[in-house]
Amino acid sequence: GLGKQDFEIPLIFDGELGYSIHIVSEIKMPILTFSKTSFVFEPTIVGQKWIQTFQVQNLNPIPVTFSIDECQNVNILQKNNPPKSSTFIAYPTSATLPPYSFLNIDITFAPTGEKEYLMQFPVNIKYSDQVFLQLKGEGIMMKLFFDPPEINFDSIQPFADKTIAT
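Residues numbered from 1 in each chain as written. Predicted model: local features only at pLDDT ≥ 70, side-chain atom pairs only at ≥ 80, totals over all residues. Heavy atoms only, no water.

Colleague: How do you make sense of the nonpolar core when you look at a structure like this?
Modeller: Side chains that are nonpolar tend, in soluble globular proteins, to be buried together. By size, the foremost hydrophobic cluster in this structure holds 24 residues, and its most contacted members are Phe66, Phe88, Ile107 and Phe121. Elements represented by at least two residues in this core include exactly β3 (32-34), β6 (50-58), β7 (64-68), β9 (88-91), β10 (94-97), β11 (101-109), β12 (116-125) and β13 (131-140). With 5 residues, the single largest contributor to this core is β12. Ignoring sequence-local partners within four residues, the contact set of Phe88 consists of Phe41, Cys71, Ile107, Thr108, Phe109, Tyr117, Met119, Phe121, Leu135, Lys136 and Gly137. (Core = buried A, V, L, I, M, F, W, Y, C linked by side-chain atoms within 4.5 Å. Buried < 20%, exposed > 50% of the residue type's maximum accessible area, 1.4 Å probe, protein only. Helix = DSSP H or I, 4+ residues; strand = E, 2+ residues; numbered from the N terminus. Contact = heavy atoms within 4.5 Å.)

If you want it as structure tokens, here you go:
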């Protein structure tokens, strides 16, 4: 279990000789510190991408291993339907952080359609609790409008004087 632990281990060599070893320890779960766990991306044109960077810090005196699972829907009804494409991508997806160190991680948002995206990355920390990175973004399409919407040109005959057509 976690917290203060007290163990007594008897060592008996024969009927008259023995030792008792007393071990006292405090067991803690390693914790990683995230510079942010919620990411809101600017509206992004489909076909382009937006990148945000955050930092993971290991303030523990031991190395800590973590991994980032594939992005999943936040909506419970859609959780079992993984996204068809990689709208959100994390890099790198796993590492072992040495004691008292940090690592920068990029989250890339590349929308595949004109809609809002609300997803999460599960982060698994060895010997610790799972953390979720919340992601929100909106894909938009470029739209082109002509003003005026229609232009009529006079017809031009072959070999006609080009200055007549205006």
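Colleague: Please clarify how the sheet that holds β6 should be interpreted in this entry.
Modeller: Within a sheet, each strand pairs with its neighbour through backbone hydrogen bonds, oriented either parallel or antiparallel. Spatially, 4 strands are ordered β3-β6-β11-β9 in an open sheet, and the strand pairing comes out antiparallel. Both outer strands of the open sheet, β3 and β9, are each paired with one neighbouring strand and no more. Going from strand to strand, the sheet's axes swing by 25° on average, the running direction of each strand aside. Looking at chain direction, β3 and β6 are connected through 3 bridges and run antiparallel. Residue Thr33 lies in a different strand from β6, and its bridge partner there is Gln57. (Pairing = 2+ DSSP bridges. Axes fitted to C-alpha atoms, helices over the stretch in contact; angles between N-to-C directions.)

Nothing here speaks to function; it is geometry throughout.
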